[in-house]
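# Coordinates in review
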Amino acid sequence: MFAQVDSALKAAITTALGSHVKEVASHPGHWSKDVVNSMLLSAPAVYTSFTKGKLSDVNKLKSRWTLYLITQYPAGDEQSSAYALIVRLLQALHGLELEQADGLMFKSVKNLAHLAEDQTGYQCHELEFSLLMPWPDQVALDDLDDFLRYHADETTLDGKQVLIAADTKVL
């Protein structure tokens, strides 16, 4: 259910912004300096993220979805400026039907200036939406994929063996 909403959001964003963005993707889930730099360098781009959910009533989940719009300024043309892209996103997404309990509802937008402070010329805007979703059905344990473990050793230039991952299981 979350993956379906994320895919539908990305498709709607791609349709709304077309060639005015280089990338539309899911946010990787953490905010390391490397992730922020990678996001900024992909500008113009939009990243989607499920950020929160809470019980709305007996069988509904009120979810919060966040978009991160990354742009460079000043934009070369009026159509690709951060403000123009925000307007296009609002027009395309507010009220969007995603086959859930209700349509997507715009909540807020803010400039996350602190994310781009190390990279002059970039902006990051956060757009928050809420979406009422039906309470998820029980997932059968047999329907879940097995957790696969990974083990890798690395040899450094000076010939030392370094363990990369230790969470292992012989398959």
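Preceding block: the structure.
Please read these numbers as outputs of a predicted model, since none were measured by experiment.

### Quick notes on the overall build of the protein
Looking only at helices and strands, the protein features three helices and seven strands. Listing the helices and strands of the protein from first to last along the sequence gives α-β-α-β-β-α-β-β-β-β. Taken over 171 residues, the protein has a buried fraction of 35%. For the protein, the share of sequence-separated contacts (at least 6 apart) that also reach a separation of at least 24 residues comes to 53%.

### Observations concerning the packing of aromatic side chains
For the structure on display, the rule yields four aromatic pairs. Consider the rings of Phe2 and Phe50, whose centres lie 4.5 Å apart with planes at 50°: the pair is tilted. Separated by 48 residues along the polypeptide, Phe2 in helix 1 (residues 2–17) and Phe50 in strand 2 (residues 45–57) bring together distant segments of the chain. Take Phe2: its relative accessible area is 32%, and that puts it in the partly exposed class. Feature note: the residues Phe2, Phe50 and Trp65 constitute an aromatic cluster, connected by ring pairs.

### Things to note about the pattern of salt bridges
Evaluation of the coordinates by the stated rule reveals three salt bridges. A salt bridge links Lys10 to Asp6, with the shortest nitrogen-to-oxygen separation between them at 3.2 Å. With Lys10 and Asp6 both in helix 1 and four residues apart, the pair spans about one turn of that helix. The class of Lys10 is partly exposed, set by a relative accessible area of 22%. Arg64 is the partner of Glu128 in a salt bridge, and the nearest nitrogen-oxygen pair spans 3.8 Å. Pair noted here: Glu128 is in strand 5 (residues 122–134) and Arg64 is in strand 3 (residues 60–72), with a separation of 64 residues, a long-range link. Judged by relative accessible area, Glu128 falls into the buried class, the value being 15%. You can call Arg64 partly exposed: its relative accessible area is 30%.

### Here's the deal with the nonpolar core
Counting 21 residues, the largest nonpolar core has Val46, Leu89 and Leu93 as the members making the most contacts within it. Counting only elements with at least two residues in this core, the list comes to helix 1, strand 3, helix 3 (82–93) and strand 5. The greatest single-element share of this core, amounting to five residues, is contributed by helix 1. Apart from the residues within four sequence positions on either side, Val46 is in contact with Ile13, Leu17, Val21, Glu23, Val24, Ala25, Leu67, Tyr68, Leu69 and Leu89.

### Thoughts on helix 1
With 16 residues, helix 1 extends 22 Å from end C-alpha to end C-alpha; this agrees with the ideal 22 Å at 1.5 Å per step. Every buried residue of helix 1 is accounted for by Val5, Asp6, Leu9, Ala12, Ile13, Ala16 and Leu17. Seen along its axis, helix 1 keeps its buried residues to an arc of 130°; they face one direction. Facing away from the buried side of helix 1 by over 90 degrees, the exposed positions are Ala3, Gln4 and Thr15. In this structure, the buried side of helix 1 is in contact with strand 1 (23–26), strand 2, strand 3, helix 3 and strand 5. Looking one or two places after helix 1, you find Gly18, whose phi comes out positive at around 50°.

Cut-offs used in this document
Residues numbered from 1 in each chain as written. Predicted model: local features only at pLDDT ≥ 70, side-chain atom pairs only at ≥ 80, totals over all residues. Heavy atoms only, no water. Helix = DSSP H or I, 4+ residues; strand = E, 2+ residues; numbered from the N terminus. Buried < 20%, exposed > 50% of the residue type's maximum accessible area, 1.4 Å probe, protein only. Contact = heavy atoms within 4.5 Å. Phe/Tyr/Trp six-rings, centres within 6.5 Å; stacked < 30°, edge-to-face > 60°. Salt bridge = Lys/Arg side-chain N within 4 Å of Asp/Glu carboxyl O. Core = buried A, V, L, I, M, F, W, Y, C linked by side-chain atoms within 4.5 Å. Expected span 1.5 Å × (residues − 1). Arc of directions from axis to C-beta.

Take it as geometry only, folks, not as evidence of what the structure does.
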